[in-house]
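# Breakdown of the fold
The lines below spell out each chain.
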Amino acid sequence: MTSPFVPFNRPSLSGREFDYLQMAIDGGHISASGPFSQRAAELLQAHLQTDTVLLTTSCTDALEMTALLLQITPGDTVILPSFTFVSTAIAFARVGARLRFVDIDRQTLGLDPKAVQEAIDETVRAVVTVHYAGVPSSIEELAEICEASGATLIEDNAHGLFAASRGRLLGTFGAMSTLSFHETKNFSCGEGGALLINDDDLSDRAQVLYHKGTNRRAFELGQVDKYTWCDIGSSFGMSDLLAAYLLAQLEQRDQILECRRLATQRYDDLLRGQLEDFGVEFAAPPLDATPAFHMYYVLLPTKRCRDAVLGSMNADGVHATFHYIPLHNAPGSAPYRDGDGDLPVTEDVAGRILRLPFFTSIDEATHQRVATSLIDAVAKHS
Ligand SMILES: *Cc1c(COP(=O)(O)O)cnc(C)c1O
């Protein structure tokens, strides 16, 4: 008998998704800015203490809004990691920014503040940081560097909702931060995101961009007697059907994070003792971090070993994967890339990283099966 296929991700339900969907349909408001969007936004706002929370169709859209809000134009430079999802880059490439890719720190796999300090100059309008795997990316240092240089700090917090650094929640350090509720993320509604604004000066215009370039928000608040086209914008709003599904997940945040913490612990227990002798490295978040347990990864000793292990696991029906193909030498970055230095840590980590199947509802039998498959593959290819 062959063992069952283990997917990389499986969407997990938290309990009330169907109830809330039914309520949204019965209530008759299923487009954007409905009652569930308001509740989900209020939950995030209360928790993160931000001025404004706008639910968007994706994190990519929320990042595009940050570029529009900062009025980034050709000639401006943006600092960002190469070790990230392509959305972090395309949001700024599409407004013509030069992309200055900076290397990552070996411990956090987020931007290395020393490298940012070296790369920053007066052309840099924004620094976009990613809290990889839901682990804080030296955010206090990055905030200081941005403060000193006048660049705006943006947190692409697709992985780290409810994670914290030294007790302060991620997403509250930058002038703006973005979230993803894509199927693969900790809290999900299929496709979705959010823009969080911590700088009051950006809030009014954000409302206009969000409402397709109109002052509809001011109209709804009774500040103007009709609404009209005022600025650029787009259709950024999340459907209330999706917001209903999302709210169900956000309300269960403590349970979801606890499941993911335990899932991390269980992989650690199964793997560390077995694999450390083979030179496999494990994540070691800073001690003052409260991570969000977005993913489980290991670093194999060499790229060759990683590729062989990946091949064996996939042949065995366990969908492990790698992540990310660095952006700085991807063909799409060529027209936008600023400078052409090497990013040794990025290239090293991207070549050796292996991500294991990891999702909120993963059970012990699945853990065991993945661990056995990985241990066998490492023993075979070492
Ligand atoms: C998933 C992800 C995104 C994109 O999120 P979408 O909601 O799919 O647009 C952006 N940045 C990072 C770091 C991500 O992991």
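Just so it is clear, the structure is predicted and the values come from calculations on it, not from any experiment.

Another aspect to go through is the overall build of the protein. From N to C terminus, the protein includes 13 helices and 13 strands. Rg of the C-alpha trace for the protein: 21 Å, near the compact-globule value of 21 Å for 382 residues, within the 12% margin. Here the C-alpha coordinates of the protein stretch approximately 70 × 55 × 35 Å along the principal axes. Taking all 382 residues of the protein together, the buried fraction comes to 57%. Considering only residue pairs separated by 6 or more positions, the protein has 71% of its internal contacts joining residues 24 or more positions apart. Roughly 16600 Å² of accessible area belongs to the protein as shown, and the carbon and sulfur atoms make up 51% of that amount. Between the averaged position of the 30 positive side-chain charges in the protein and that of its 49 negative side-chain charges there is a distance of 4 Å.

Quick look at the packing of helix α2 (residues 35-48) against helix α9 (residues 240-251) now. One way to put it is that α2 packs onto α9 with a least axis distance of 7 Å and a crossing angle of 35°. Read as a crossing pair, α2 and α9 show a hand that is left-handed. Where α2 abuts α9, its residues Pro35, Phe36, Ser37, Arg39, Ala40, Leu43 and Leu44 lie against Asp240, Ala243, Ala244, Leu247, Leu250 and Glu251. Of the residues in the contact of α2 with α9, the class split is 9 nonpolar, 1 polar and 3 charged.

Looking now at the sheet that holds strand β13 (residues 353-355). Spatially, 3 strands are ordered β10-β12-β13 in an open sheet, and the strand pairing comes out antiparallel. The sheet is open, and its two edges are formed by β10 (281-282) and β13, each paired on a single side. For strand β12 (residues 297-299) and β13, the ladder comprises 3 bridges, and the chain directions are antiparallel. Directly across from Leu299, in β13, lies its bridge partner Ile353. Taken strand by strand, helix α12 (residues 344-352) contacts β10, β12 and β13, and its axis lies near 45° from that of β13.

Here the focus is the pairing of strand β2 (residues 77-81). Of all 5 residues in β2, 5 are buried, a share of seventy percent or more. Judged by which residues are buried, β2 turns out to be covered on both faces: Thr77, Ile79 and Pro81 on one side and Val78 and Leu80 on the other are all buried. Here β2 runs beside strand β3 (residues 98-102); their pairing, made up of 5 bridges, is parallel. Bridging across to β3, Ile79 finds its partner in Arg100. With helix α4 (residues 87-93) bridging β2 and the parallel β3, this β-α-β connection has right-handed handedness.

So, about the site of the ligand. Thr60, Asp156, His159, Ser180 and Lys185 are the nearest of the 16 residues found near the ligand. Cys59 has a polar backbone atom sitting 2.9 Å from an oxygen atom of the ligand. Note that an oxygen atom of the ligand is positioned 3.5 Å from one of the side-chain N or O atoms of Tyr324. Compared with its free state, where it exposes 390 Å², the ligand has 93% of that area covered by protein. Those elements that place two or more of their residues in the shell around the ligand are α3 (59-69) and α4. Residue classes in the shell around the ligand are distributed as 5 nonpolar, 9 polar and 2 charged.

Our focus in this paragraph is the side chain of Ser165. Structurally, the position occupied by Ser165 is in strand β6 (residues 164-165). The class for Ser165 is buried, based on a relative accessible area of 4%. Engagement of the side chain of Ser165 in a polar contact is seen with the side chain of Glu140, the distance being 2.7 Å. Discounting residues that sit within four places of it in the chain, Ser165 has contacts with Pro136, Ile139, Glu140, Leu170, Phe173 and Asp288.

Our next topic: the environment of Ala292. Relative to the elements of secondary structure, Ala292 occurs in the loop between β11 (289-290) and β12. Counting along the chain gives 82 residues from Ala292 to Leu374, while the straight-line C-alpha distance between them is 24 Å. Beyond its immediate sequence surroundings of up to four residues, Ala292 is in contact with Gly134, His159, Gly160, Leu161, Ala163, Asn186, Leu257 and Arg260.

The rules behind each value
- Per-chain numbering applies: the sequence of each chain, read as written, is numbered from 1 onward.
- Residues qualify for local features only when their pLDDT is at least 70, as the model is predicted, and side-chain atom pairs are given and counted only at 80 or more; totals for whole chains, interfaces and linings, by contrast, use all residues.
- Excluding hydrogens and water, the side-chain values take into account all heavy atoms of the structure.
- Every helix listed is a DSSP run of H or I at least four residues long, and every strand listed is a run of E at least two residues long, numbered separately from the N terminus.
- For the radius of gyration, the atoms used are the C-alpha atoms, and the globule rule reads 2.2 Å times the number of residues raised to 0.38.
- Burial status follows relative accessibility: with a 1.4 Å probe on protein chains alone, a residue under 20% of its type maximum counts as buried, one over 50% as exposed, and anything between as partly exposed.
- Two residues qualify as a contact provided that any one of their heavy atoms is within 4.5 Å of a heavy atom in the partner residue.
- In these tables, accessible area is a Shrake-Rupley quantity obtained with a 1.4 Å probe, and a residue counts as shielded only by the protein chains included in the view.
- Under the counting rule used here, the positive set is Lys and Arg, the negative set is Asp and Glu, and His together with the chain ends is not counted.
- Throughout, a charge is located at the NZ atom of Lys, the CZ atom of Arg, the CG atom of Asp or the CD atom of Glu.
- For every element, the axis is a line fit to its C-alpha atoms; helices are fit only across the contacting stretch, and the angle between N-to-C directions ranges from 0 to 180 degrees.
- The handedness criterion is simple: a crossing whose near helix is rotated anticlockwise from the far helix by less than a right angle is left-handed, and one whose near helix is rotated clockwise is right-handed.
- Any residue outside Ala, Val, Leu, Ile, Met, Phe, Trp, Tyr, Cys, Pro, Asp, Glu, Lys and Arg is labelled polar, Gly included; the first ten of those are nonpolar and the last four are charged.
- Strand pairing is assigned whenever DSSP detects at least two bridges linking the two strands.
- We call a crossover right-handed when, viewed with the strands running away from us, the connection from the first strand over the helix to the second turns clockwise.
- It suffices for a single heavy atom of a residue to lie within 4 Å of a molecule or strand for the residue to be listed as near it.
- Side-chain atoms alone can form a polar contact between residues adjacent in sequence; in general such a contact is a pair of N or O atoms within 3.5 Å, and within protein one must be able to donate a hydrogen while the other accepts it.

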